[in-house]
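So the chains spell out like this:
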Amino acid sequence: MTGSNTISDENQLANFMQRIEAGEKIEADDWMPEDYRQTLIKLISMHGMSEIMGALPEKEWVPKAPSLYRKLGIMAKVQDEMGHGQLLLRVTEDLLEPYGKNRGDLMQDLFNGDLKFHNVFHMETKSWADAGIIGWLVDGAAIITQTNMLKASYGPYARALQRICAEEVFHAQHGESIIMALTEGTDQQKAMIQESLNRWWEALLMFFGPASKETTGSSKQDLTIRYKIRTKTNEEFRQLFFDKYIPRILSLGLTIPDPTMHFDKENQMWSYKQPDWNEFKKIIKNQGPRSEARLNLRRQSYEYNSWVRDALSHSVR
Amino acid sequence: MSVSQNDLTLENREAITSLLFQLADDDFMYAYRGSEWLGLAPHIEADIASSSISQDSMGHAAMFYTLLEDLGAGNANDLAHSRKAIDRRNCILTERVNGEGYYMETPHYDWAYAVVRSYLYTQAKKVKIDSLCGSSYKPLAEAAVKVRIELYYHRLHWEIWFKQLMSSTDIAKNKMNAALKLVMNDFGDVFSYGNQKLAIEMTKLIGTEEEMKANWTASIEPVFTTLQLELPKIPDSPEKNGRMGEHTKDLDEALTTLSEVYLLDPVAIW
Amino acid sequence: MGEEKTFYQEYEVFSKRTTSSVLQHQFSLLAPNEEMAFIMAQENFMRREPVADIWIVNRKHLRKMSNEEKMTLGRLENKDYRTTKGYGYLKKKWRMYEQEVLDEKEILSWGGEKNERQSK
């Protein structure tokens, strides 16, 4: 697997690059350069675990959802997040096959901190409005990055994203529906949603990662673009998010909690106050507000019911 | 003879309302307990599958609350969210916690208990729904025909889990048998119709308590025989009867959580 | 390779949308055995669409092609004689006989419809 520099490997690489340049899809069993495999594993395992971990902040609001319809909607949404995790972890597990690693190893990687989950899911939720903000804006941000990879050169990832993005449309509308009920509601409800937006604003800016690797010292964006996994940079994603969502946020009578925010006509860019990237660095080291608590919950529930997996491993027929 | 909503006598209405509260509250609490499991099941694929069953059950509860709304008992969301424990008619089994600890922290939920409760509850629900398909109250019979469609899957799903864990490792068998004991201790009011028993049975809204018990026992017998398990016995007189508004503190705690946002402003649109 | 006892067996899931649809590959899931795979398949991959049938297969029972074997799939595009494309001139010929050619569209339209003779 580790590319010994034989002529045949060079041929393989040339052939591989030719295929992805031509828009062909790479499949799990195909030859692929080691750094392509590694990049995919890192990207997709993190994406998958983020879905699994992202189910936790939202599930906090499932029992509390304030009507039968809302209870049903948010249950379906959390189920989808787990479903997305399932798809993405399956894609990762197939990429891991040459190393003999499986689902159990991925869970251990998560628990010991080798496998990270998305910074936005380390944040605390405090009110029902957060369920709306997560559905509308966090999923909105996710839609921006995920749709960009719908044509990714790796076929299994592209196909999983196709399924995921179709469901994200429901998630976004589920979020919009919660948000609008609040912005059109009582003063208490309006205050609730504004307070939630204020609290989530920095996290939403951080969602797309730093503009360049100089900010935090690492960024995978160059390799993913070269290998046609994605086409846009972090900052391009963030700007696109502003394009789509700033007018909508304002139209609902909400205030952007950044008085400096404006559209710079000359550069055709949104100008905004940078979030605290030191905080970002802490979060991605699992030192965010709820990092430990959520990892603990995931670890304990996994270990507490490990007897179920043990029991059924013996029944393999 | 079947009746629709318009030609109800007063006594009839009371019996129907009482039965509908039992059905609605049962599924509401069962679905609520299921929803606390979201994201925490022992396997991701299993998490997703069992979540559908919780959703379906919440959907069934919503159908029953809507039938109550149609009878003028109040708004469905209000009935689900703002009634006090003493007014609730769910059986004790459905209100029991999934295990120790609050769901927002790091609870120790027991999958064996989830499987046994779900399997035996679903079998009981199936027996009732089968009978309700011929209910003298037409709107309820129509709802039962719909609910039955989704019960095929629920029953199959939990039966497979029940069978497999009951016939695997010693650890699993011990946990499953301990859970079976807990579940059966609470089974005394599952088939009780509370203080409207006479009217409910007389007007043929559903089969009698005794018929339901017998059908339930018959429905689980093949599985228990295959597993060489002793057929469980339904306790004669329950310590607490949920159908009479007698409940545990588990229900109080659940009600506080499930109505937390709703009660911030019950007249607001959420 | 011995039979490893693991909870994480890989199953491929196929389904039909309606009774008349073709079987379509959906995705793969992990399950300890066939029965478990079955009860998880629909809710994992077809939560919103109708389903009329589900097939599952353990991956170890799938025979897949290696990269070398995929080379055997190549062929030249010189096989017009196998398709109607190689007989395109017939249309003109039939016209000479004042008849229309019985092409694929025409022939496949013959199944069913009771009144097709009258409608001609």
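Quantities reported herein were computed from a predicted structural model and do not represent experimental measurements.

Asker: What is the right way to look at the overall build of chain B in this model?
Answerer: Tallying secondary structure elements over chain B gives ten helices and two strands in all. Mapped from its N terminus to its C terminus, chain B presents α and β elements in the order α-α-α-α-β-β-α-α-α-α-α-α. Radius of gyration (C-alpha) of chain B: 18 Å, near the 18 Å computed for a compact globule of 270 residues. C-alpha extents for chain B along the principal axes are approximately 55 × 45 × 35 Å. Across the 270 residues that make up chain B, the buried fraction comes to 61%. Contacts in chain B between residues far apart in sequence, at least 24 positions, make up 75% of those at least 6 positions apart. On chain B, roughly 10,800 Å² of surface is accessible, and the fraction owed to carbon and sulfur atoms is 53%. Of the side chains in chain B, 26 bear a positive and 39 a negative charge, and the two mean positions are spaced by 4 Å.

Asker: I would appreciate a short explanation of unusual backbone geometry in the present structure.
Answerer: Trans is the prevailing form of peptide bonds, just as negative phi is the prevailing case for residues other than glycine. Residue and element names in this part refer to chain B. In this structure, K204 is a non-glycine residue whose phi angle is positive, near 55 degrees. By the secondary structure assignment, K204 is in the loop between α8 (197-202) and α9 (209-226). In this structure K204 comes out as exposed when scored by relative accessible area, which is 60%. Here the phi dihedral of Q228 falls at roughly 55 degrees; this positive angle occurs in a residue that is not glycine. Structurally, the position occupied by Q228 is in the loop between α9 and α10 (249-258). Residue Q228 is classed as exposed on the basis of its relative accessible area of 74%.

Asker: What exactly am I supposed to notice about the state of the cysteines here?
Answerer: Joining two cysteines, a disulfide is a covalent bond between their sulfur atoms. On inspection of all chains with the given rule, the structure shows zero disulfides over all chains. C133 of chain B supplies the cysteine sulfur nearest to C91 of chain B, a cysteine that is in no disulfide, at a spacing of 19 Å.

Asker: It is not clear to me how helix α13 (residues 306-313) of chain A should be interpreted in this structure. Could you clarify?
Answerer: Since the α-helix advances by 3.6 residues per turn, residues separated by three or four positions end up pointing in the same direction. Here α13 of chain A lies mainly inside the structure; six of its eight residues are buried. Looking at the buried residues of α13 of chain A, the elements they touch are α12 (291-304) of chain A, α5 (111-132), α6 (138-166) and α7 (170-185) of chain B together with α1 (34-45) of chain C.

Asker: Looking at this structure, I do not really get the sheet that holds strand β3 (residues 53-58) of chain C. What am I missing?
Answerer: Whenever strands of a sheet pair, they do so through backbone hydrogen bonds, lying parallel or antiparallel. Residues and elements named next belong to chain C. Pairing within the open sheet is antiparallel, and its three strands lie in the order β2-β1-β3. The strands lining the two open edges of the sheet, one partner per strand, are β2 (24-31) and β3. Sheet twist, expressed as the mean angle between neighbouring strand axes with direction ignored, is 30 degrees. Packing against the sheet, α1 makes contact with β1 (9-16), β2 and β3, and its axis sits at approximately 125 degrees to β2.

Asker: Would you explain the pattern of salt bridges in this entry?
Answerer: Under the definition given, this model contains 42 salt bridges over all chains. Across the pair E93 of chain A and R90 of chain A runs a salt bridge, and its minimum N-O distance is 2.6 Å. Residue E93 of chain A and its partner R90 of chain A are both found in helix α3 (residues 68-96); the two are separated by three residues, about one turn of the helix. With a relative accessible area of 6%, E93 of chain A lands in the buried category. One salt bridge connects K163 of chain B with E159 of chain B, and the closest N-O pair in it is separated by 3.5 Å. With a gap of four residues between them, K163 of chain B and E159 of chain B both fall in helix α6, about one helical turn apart. For E159 of chain B, a relative accessible area of 12% gives the class buried. What you see here is one network of salt bridges that share partners, running through R90, E93, D94 and R103 of chain A, E45 of chain B together with E10, E12 and R59 of chain C.

Asker: Would you mind showing me how to read the pairing of β1 of chain C here?
Answerer: The two faces of a sheet get side chains in turn, since along a regular strand they alternate between them. All names here are of chain C. Inspection of the sheet shows β1 paired to β2 by seven bridges, in the antiparallel sense. Bridging across to β2, E12 finds its partner in S28. Summarising the sheet, β1 and β3 pair through six bridges and their orientation is antiparallel. When the sheet's bridge partners are listed, Y11 is paired in β3 with N58.

Asker: So what exactly am I meant to see when it comes to the interface of chain B and chain C here?
Answerer: How big an interface is tends to be stated in terms of the accessible area lost upon association of its parts. Listed per partner, the contact involves twelve residues of chain B and 13 residues of chain C. On the chain B side of the contact with chain C, H43, E45 and Q164 of chain B bury the most area, a combined 43% of that side's loss. For the interface between chain B and chain C, the tally reads zero salt bridges. Contributing elements (two or more residues each) for the side of chain B that touches chain C: α2 (44-70) and α6 of chain B. For the side of chain B that touches chain C, the element with the highest residue contribution is α6 of chain B, accounting for six residues.

Asker: Could you clarify how one ought to interpret the confidence of the model for chain C in this entry?
Answerer: Note: predicted coordinates in regions of low pLDDT should not be interpreted at a detailed level. Taken residue by residue, chain C gives an average pLDDT of 90. The fraction at 70 or more is 90%. Interface predicted TM-score (ipTM) for the complex: 0.95; the corresponding pTM is 0.93.

Asker: Explain the side chain of N44 of chain C to me, please; I cannot follow it from the model alone.
Answerer: Mapped onto the fold, N44 of chain C is located in helix α1. Of the polar contacts made by the side chain of N44 of chain C, one reaches the backbone oxygen of M40 of chain C; its length is 2.9 Å. With sequence-adjacent residues up to four places away left out, N44 of chain C is seen in contact with Q86 of chain A together with E45, I48 and A49 of chain B.

Asker: Which parts of the structure should I look at to understand the interface of chain A and chain B?
Answerer: Each side of the interface is counted separately: chain A has 49 residues, and chain B has 56 residues. Between chain A and chain B lies a buried interface of about 4,500 Å² when both sides are counted; carbon and sulfur atoms form 66% of it. The largest per-residue losses of area from chain A upon contact with chain B belong to K64, L68 and W307 of chain A, which jointly make up 17% of the total buried on that side. Summed over the shared surface of chain A and chain B, the result is 19 residue pairs in polar contact (both at pLDDT 80 or more). Looking at the side of chain A that touches chain B, the elements with two or more residues in it are α2 (34-59), α3, α6 (155-183), α7 (187-206), α12 and α13 of chain A.

Asker: Would you explain the environment of L87 of chain A in this entry?
Answerer: Tracing the sequence through the fold places L87 of chain A in helix α3. Taking the C-alpha atoms as reference, L87 of chain A lies 8.6 Å from I164 of chain A; in sequence the two are 77 residues apart. Residues in contact with L87 of chain A, not counting those within four places in the same chain, are A160, R163 and I164 of chain A together with F27 and F45 of chain C.

Asker: Just checking my understanding: could you explain the packing of aromatic side chains for this structure?
Answerer: The description of an aromatic ring pair uses the distance of the two centres, along with the angle that the planes make with each other. Residues and elements named next belong to chain A. Inspection of every chain in the model, using the stated rule, returns 32 aromatic pairs over all chains. Here the aromatic residues W136, W201, F207, F208, F237, F241, F242, Y245, F263, W270 and Y272 are joined through ring pairs into a cluster of three or more. In this structure, K64 is placed above the aromatic ring of W61, and the distance from its NZ or CZ to the ring centre is 5.1 Å.

Asker: Even after reading the chapter, I still don't get the packing of α5 of chain B against α9 of chain B, so can you show me in this structure?
Answerer: Two quantities define a packed helix pair, namely the angle between the axes and the distance from one axis to the other. All names here are of chain B. Where α5 contacts α9, the two axes come as close as 9 Å, and the packing angle between them is 130 degrees. When the interaxial angle is binned, α5 and α9 end up oblique. The two elements α5 and α9 meet at a crossing, and its hand is right-handed. Each of Y119, L120, Q123, A124, V127, K128 and S131 in α5 lies in contact with α9, whose residues at this interface are M212, N215, W216, S219, I220, V223 and F224. Grouping the constituent residues of the contact of α5 with α9 by class yields nine nonpolar, four polar and one charged.

Asker: Help me understand helix α4 (residues 103-111) of chain A in this model?
Answerer: In terms of residue burial, α4 of chain A counts as a mostly covered element, since seven of its nine residues are buried. Along α4 of chain A, the residues classified as buried are R103, G104, L106, M107, D109, L110 and F111 of chain A. If you follow the buried residues of α4 of chain A, they end up packed against α2, α3 and α12 of chain A, α2 of chain B together with β2 of chain C. N-capping of α4 of chain A is provided by N102 of chain A, with a side-chain oxygen placed 3.0 Å from the backbone N of G104 of chain A. G113 of chain A lies just past α4 of chain A and shows a positive phi near 90 degrees.

Reading guide: rules and limits
Residues numbered from 1 in each chain as written. Chains lettered and ligands numbered in written order. Predicted model: local features only at pLDDT ≥ 70, side-chain atom pairs only at ≥ 80, totals over all residues. Heavy atoms only, no water. Helix = DSSP H or I, 4+ residues; strand = E, 2+ residues; numbered from the N terminus. Rg over C-alpha atoms; globule rule 2.2 N^0.38 Å. Buried < 20%, exposed > 50% of the residue type's maximum accessible area, 1.4 Å probe, protein only. Contact = heavy atoms within 4.5 Å. Areas by Shrake-Rupley, 256 points an atom, 1.4 Å probe, with all protein chains shown as cover. Lys, Arg positive; Asp, Glu negative; His and termini not counted. Charge placed at Lys NZ, Arg CZ, Asp CG, Glu CD. Disulfide = S-S within 2.5 Å. Pairing = 2+ DSSP bridges. Axes fitted to C-alpha atoms, helices over the stretch in contact; angles between N-to-C directions. Salt bridge = Lys/Arg side-chain N within 4 Å of Asp/Glu carboxyl O. Buried area = accessible area lost by both parts, 1.4 Å probe. pLDDT = per-residue confidence, 0-100. Polar contact = N/O pair within 3.5 Å; in protein donor to acceptor, adjacent residues only side chain to side chain. Phe/Tyr/Trp six-rings, centres within 6.5 Å; stacked < 30°, edge-to-face > 60°. Lys NZ or Arg CZ within 6 Å of the ring centre and 35° of its normal. Parallel < 35°, antiparallel > 145°, perpendicular 65-115°, else oblique. Left-handed = near helix turned anticlockwise from the far one by under 90°. Nonpolar A, V, L, I, M, F, W, Y, C, P; charged D, E, K, R; others polar.

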